[in-house]
Amino acid sequence: MDTCSCCPHETFDKHGTDTIINYRNIVLKDEGCCKAHWLRKECYQRIKTRVNKAVKRHKIFLIRGELPKLKEALERRGWVQKYEATKTRTLPYGSVASLEARSLGDLTLADGTLNEKAVIFALLRHKSPDFIWDCRNDFVDWHRGLSSNTLLNRYQKPSVYTSKLGMARVLEEAHWLYESDVASVLFPRSYNLSREPKAFLEDFRLTAAAGLLKWFVQRMQDDQETGDLGQRTIPMSRLEFAIKRCEEFTACANHQNIDEDFVAELPDEEWNSFLDDYTTAVHDGGGIEYTSEKTLEHLQRYYEIATSTLLKLKEVDPQYELNGMRNMWILKPSELCCGTGISISHSLKDIFRKVKGRPKDYFIVQKYIERPLLIHDTKFDIRQWYLVTSTFPLTIWLFKEGLLRFSSKPYTFSTYHEAIHICNTAIQEKYDEERRRRRKRGYSEEVVKSVRDQGWDCEKLNEYLKQIGLEGEPYYDLIYPKMAEAIVLTMLASQEHMDRRRCSFELYGADFVVMEDLSVWLIEINTNPRMHPPSSRITKRLYSSVLQSLVKG
């Protein structure tokens, strides 16, 4: 054999004449060491064999975006990744051929080895993938020419039921699908101010009236002075005004206004004056004016009437506990994610000003949960992942564990800063980075770890709830089942809007807030929930576990 000393002689002992001739052809055509050529040839054959095997078994996958844990989970099961050319990555898949090989570099790298990605790209450029996962927010619809047997990770137009406005509309009639211990949901009331400003205005005003009574009753129960010297005060008549408005609402809820309409139509000026005084008392630390002992007697009488009125209101208002007394509302862009553009306000003027400056249907205004369950004075919410593998019949798989997302700073009403009130991971990561920079500069107050840094998971939450006096397994007995019921009801209400494609499925992330009374409230549902990059040790474990469970299923 005409070979140099570096040739792998043992290899020729295992092959016949044809292999030797092919090898000699390589040596004659190219310059350099024949061993390097042989190694490239062997590498190419290994890649080709693996690709051909995956093609025969229908195990070719394409990921549009960055999701390394999914890639690893699939490749461990014999799947091979198909790559796209640069020019076709932003187009609907299947609309054009993916033939631009140079986008992945040359077949041979600078060190003489094969570029595996480029080789696979060349081998699969005319082969349609069997499985496509699009993990980008700027989702592009699938081309209608795509094979019906291709497995897709998205349903068409999920925003109809997963956008903030879409979900609010879907849940308006969800009570018809209620089934005890199977399908039920608690969802903070929401409004589209570009289409229903009057309904929101009435709700805002009534919530302020009830809030003033709650504030007054609480101060009386705490034996606080209702009006100190030097303190801004409001007229006692505001209590009577608030009581009348709440009584009118209760009467309407009990259908006592069928025979006659006794709800007062008050001018906007009167309401605006009341709201100004409400803000003075509840938000600015004001009090109620009084001048004599007789006035104190009137206050005691108002306290008894207000307490009775609130009890009646509680019986007819399913979101009485949710409301709190501060009349806080959260504004969310309907189509955006990662906490972008969210703000909180208790000012009617401020809310309408923000909405007016945006296009129609841009914002949803949702009642803010003022009394969430706190862990060491810190707010948190729960991201619960679930997978829908069929829409008709509806088939839902819930992941066994949720992600606890904590705020960076202790809960307070003194400011509405996002680091305190918005638990979204993308928001809180900004303040994690800020704290790391402060530590490097030697700020000692940043050395103490926040709850967010302590790696809380559902098991730790369960133990915490038992420590504060709850019996059994509180998370698994009370919280998790309610999240499951809310997901079932929301998906049942959305079913008619969902794509019926046989080979589609979708992973969702539902966000919940638990209140002090352990009621569980669905805040929003996210299609294409964030699964990369992980922001902590907990998310690194959970993201990987979710994707591995999905692939196994």
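Residues numbered from 1 in each chain as written. Predicted model: local features only at pLDDT ≥ 70, side-chain atom pairs only at ≥ 80, totals over all residues. Heavy atoms only, no water.

Draft legend 1. Broad picture of the nonpolar core. Ranked by internal contacts, the top residues of the largest apolar core, which has 43 residues, are Phe200, Leu212, Phe216, Leu239 and Phe274. The leading source of residues in this core is helix 8 (residues 197-221), at 12 residues. Beyond its immediate stretch of four places on either side in the chain, phenylalanine 274 contacts Ala208, Ala209, Leu212, Arg238, Phe241 and Ala242. Met167, Leu171, Ala174 and Ile479 belong to the second-largest nonpolar core, a separate cluster that totals 42 residues. (Core = buried A, V, L, I, M, F, W, Y, C linked by side-chain atoms within 4.5 Å. Buried < 20%, exposed > 50% of the residue type's maximum accessible area, 1.4 Å probe, protein only. Helix = DSSP H or I, 4+ residues; strand = E, 2+ residues; numbered from the N terminus. Contact = heavy atoms within 4.5 Å.)

Draft legend 2. Up close: the pattern of salt bridges. Per the counting criterion, the structure on display carries 31 salt bridges. Notably, a salt bridge pairs lysine 367 with glutamate 370, separated by 3.1 Å at the nearest N-O pair. On the basis of relative accessible area, lysine 367 is assigned to the buried category, the value being 1%. On the accessibility criterion, glutamate 370 (3% relative accessible area) is buried. With its nearest N and O atoms 2.8 Å apart, the salt bridge here joins glutamate 429 to arginine 530. (Salt bridge = Lys/Arg side-chain N within 4 Å of Asp/Glu carboxyl O.)

Draft legend 3. Quick look at empty space enclosed by the protein. All chains considered together, the criterion is met by 3 cavities of 30 Å³ or more. Volume-wise, the largest cavity comes out at about 330 Å³. Lining the largest cavity are 26 residues, with Ile330, Lys332, Ile422, Ile523 and Glu524 sitting closest to its centre. Of all the secondary-structure elements, those providing two or more residues to the lining of the largest cavity are strand 8 (329-333), strand 10 (363-367), strand 12 (378-391), strand 15 (506-514) and strand 16 (520-527). (1 Å grid on protein atoms, 1.4 Å probe; cavity = no way out; pocket = protein on both sides within 12 Å on 5 of 7 lines; lining within 4 Å. Points joined across faces, edges and corners; volume = space filled by probe spheres on them.)

Draft legend 4. Spatial organisation of the sheet that holds strand 1 (residues 60-64). With parallel pairing, the 4 strands of this open sheet are ordered in space as 2-1-3-4. Looking at strand neighbours, the two that pair on one side only are strand 2 (80-81) and strand 4 (151-152), the edges of this open sheet. Note: strand 1 against strand 2, 2 bridges, orientation parallel. Note that in strand 2 the partner of phenylalanine 61 across the bridge is glutamine 81. Along the sheet, helix 4 (residues 68-75) makes contact with strand 1, strand 2 and strand 3 (131-134), crossing strand 1 at roughly 175°. (Pairing = 2+ DSSP bridges. Axes fitted to C-alpha atoms, helices over the stretch in contact; angles between N-to-C directions.)

Draft legend 5. Looking closely at the sheet that holds strand 5 (residues 190-191). What the 4 strands build is an open sheet, ordered 5-10-8-9; its pairing is antiparallel. The open sheet has two edge strands, strand 5 and strand 9 (343-345), and neither has a second partner. Note: strand 8 against strand 10, 5 bridges, orientation antiparallel. Across the sheet, tryptophan 329 pairs through a bridge with lysine 367, a residue of strand 10. Those strands touched by helix 8 are strand 5, strand 8 and strand 10, and its axis lies near 150° from that of strand 8.

Draft legend 6. Seen up close, helix 18 (residues 537-552). In a regular helix each residue adds 1.5 Å, so 16 residues correspond to 22 Å; helix 18 covers 23 Å between its end C-alpha atoms and thus fits that length. The set of residues buried in helix 18 consists of Ile538, Thr539, Leu542, Tyr543, Ser544, Val546, Leu547, Leu550 and Val551. Buried positions along helix 18 lie against helix 4, strand 3, strand 12, strand 14 (403-406) and strand 15. (Expected span 1.5 Å × (residues − 1).)

Draft legend 7. Inspection of the packing of helix 16 (residues 458-467) against helix 17 (residues 474-494) at higher detail. Running from N to C, helix 16 and helix 17 point in directions that differ by 110°, and their axes come no closer than 8 Å. Taken together, helix 16 and helix 17 sit at an angle that is classed as roughly perpendicular. Where helix 16 approaches helix 17, its residues Cys458, Glu459, Leu461, Asn462, Leu465 and Lys466 are matched on the opposing element by Pro474, Tyr475, Tyr476 and Ile479. Of the residues contributing to the contact of helix 16 with helix 17, the split by class is 7 nonpolar, 1 polar and 2 charged. (Parallel < 35°, antiparallel > 145°, perpendicular 65-115°, else oblique. Nonpolar A, V, L, I, M, F, W, Y, C, P; charged D, E, K, R; others polar.)

Draft legend 8. The pairing of strand 12, seen in detail. In terms of burial, strand 12 is largely enclosed, as 12 of its 14 residues are buried. With 2 bridges joining them, strand 11 (residues 374-375) and strand 12 adopt antiparallel strand pairing. In the strand pairing of strand 12, isoleucine 375 is matched with threonine 378. Bridge count between strand 12 and strand 14: 4 bridges; the pairing is antiparallel. Following the sheet pairing, aspartate 381 is matched in strand 14 by arginine 405.

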